[in-house]
Amino acid sequence: MAERKAHVNRKTKETDIKLTLGLDGTGQASLDTGIGFFDHMLEGFARHGLFDLQVHITGDLIVDGHHTVEDCGIALGNAIRRAVGDKRGMKRYGSCILPMDETLVLCAIDLSGRPYFAFDGQFPSERVGYLDTELVREFFYAISYSACT
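It should be emphasised that the depicted structure is a prediction, and the values quoted were computed from it without experimental measurement.

Cut-offs applied
- Residues numbered from 1 in each chain as written.
- Predicted model: local features only at pLDDT ≥ 70, side-chain atom pairs only at ≥ 80, totals over all residues.
- Heavy atoms only, no water.
- Disulfide = S-S within 2.5 Å.
- Buried < 20%, exposed > 50% of the residue type's maximum accessible area, 1.4 Å probe, protein only.
- Salt bridge = Lys/Arg side-chain N within 4 Å of Asp/Glu carboxyl O.
- Helix = DSSP H or I, 4+ residues; strand = E, 2+ residues; numbered from the N terminus.
- Phe/Tyr/Trp six-rings, centres within 6.5 Å; stacked < 30°, edge-to-face > 60°.

1. Focus: the state of the cysteines
Inference 1: Under the definition given, this model contains 0 disulfides.
Inference 2: Free of any disulfide, C96 has its nearest cysteine sulfur in C107, 7.1 Å distant.
Inference 3: We note that C148 lacks a disulfide partner, and the nearest cysteine sulfur, in C107, lies 13 Å from it.
Inference 4: Residue classification places C148 among the partly exposed residues on the basis of a relative accessible area of 23%.

2. With respect to the pattern of salt bridges
Inference 1: For the structure on display, the rule yields 9 salt bridges.
Inference 2: Two residues, E43 and R47, come together in a salt bridge whose shortest N-O distance is 2.7 Å. On the criterion of helical spacing, the pair formed by E43 and R47 is a turn pair, its members being 4 residues apart in helix α1 (residues 36-49).
Inference 3: In this structure E43 comes out as partly exposed when scored by relative accessible area, which is 26%.
Inference 4: Of the charged contacts, one joins D132 and R127 as a salt bridge, the two residues approaching to 3.2 Å between their closest N and O atoms.
Inference 5: R127 sits in the partly exposed class, given a relative accessible area of 40%.
Inference 6: Salt bridges linked by common partners bring K11, D16 and K18 together as one network.

3. Regarding the packing of aromatic side chains
Inference 1: In this structure the tally under the stated criterion is 7 aromatic pairs.
Inference 2: When the ring of F45 is compared with that of F51, the centres are 5.0 Å apart and the planes differ by 35°; the resulting orientation is tilted.
Inference 3: Aromatic pair F117 and Y141: ring centres 6.1 Å apart, planes at 80°, arrangement edge-to-face. Of this pair, F117 sits in the loop between β6 (103-110) and β7 (127-128) while Y141 sits in helix α3 (residues 134-146), and the two are 24 residues apart along the sequence.
Inference 4: Judged by relative accessible area, which is 18%, F117 ranks as buried.
Inference 5: Each residue in the set F117, F119, F123, Y141 and Y145 is aromatic and connected to the rest through ring pairs, giving one cluster.

Structure below.
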């Protein structure tokens, strides 16, 4: 089987991103987004998904975290699309129900190539560390659409 790995470099006026994703990894992560809790989220994604993930972002955090988080989602979606390639040997659908602390997550994924995203979540605070919680939806939206285009 071909190595399911992708490198993405994304440079805009607001961000400079270098991202590597290995789908058949061991859960290792090297992360520096400038937003500590965002790094923590990405580390959990890598560890629990057994993906190898390296992300280094220089962003306009002096303004806010929006460009960093959204552009990271775009880069990660592009990496997922490139790494899965022709999707040979993969199942089209997947789902997970995950209880974690006071949260219950239901996630369903369809790798059909037609983007769609639905998010129904509320956050009890506007920030977790330096991550604006309103950006969580933007991050996953960016992944879902850029993974399919």
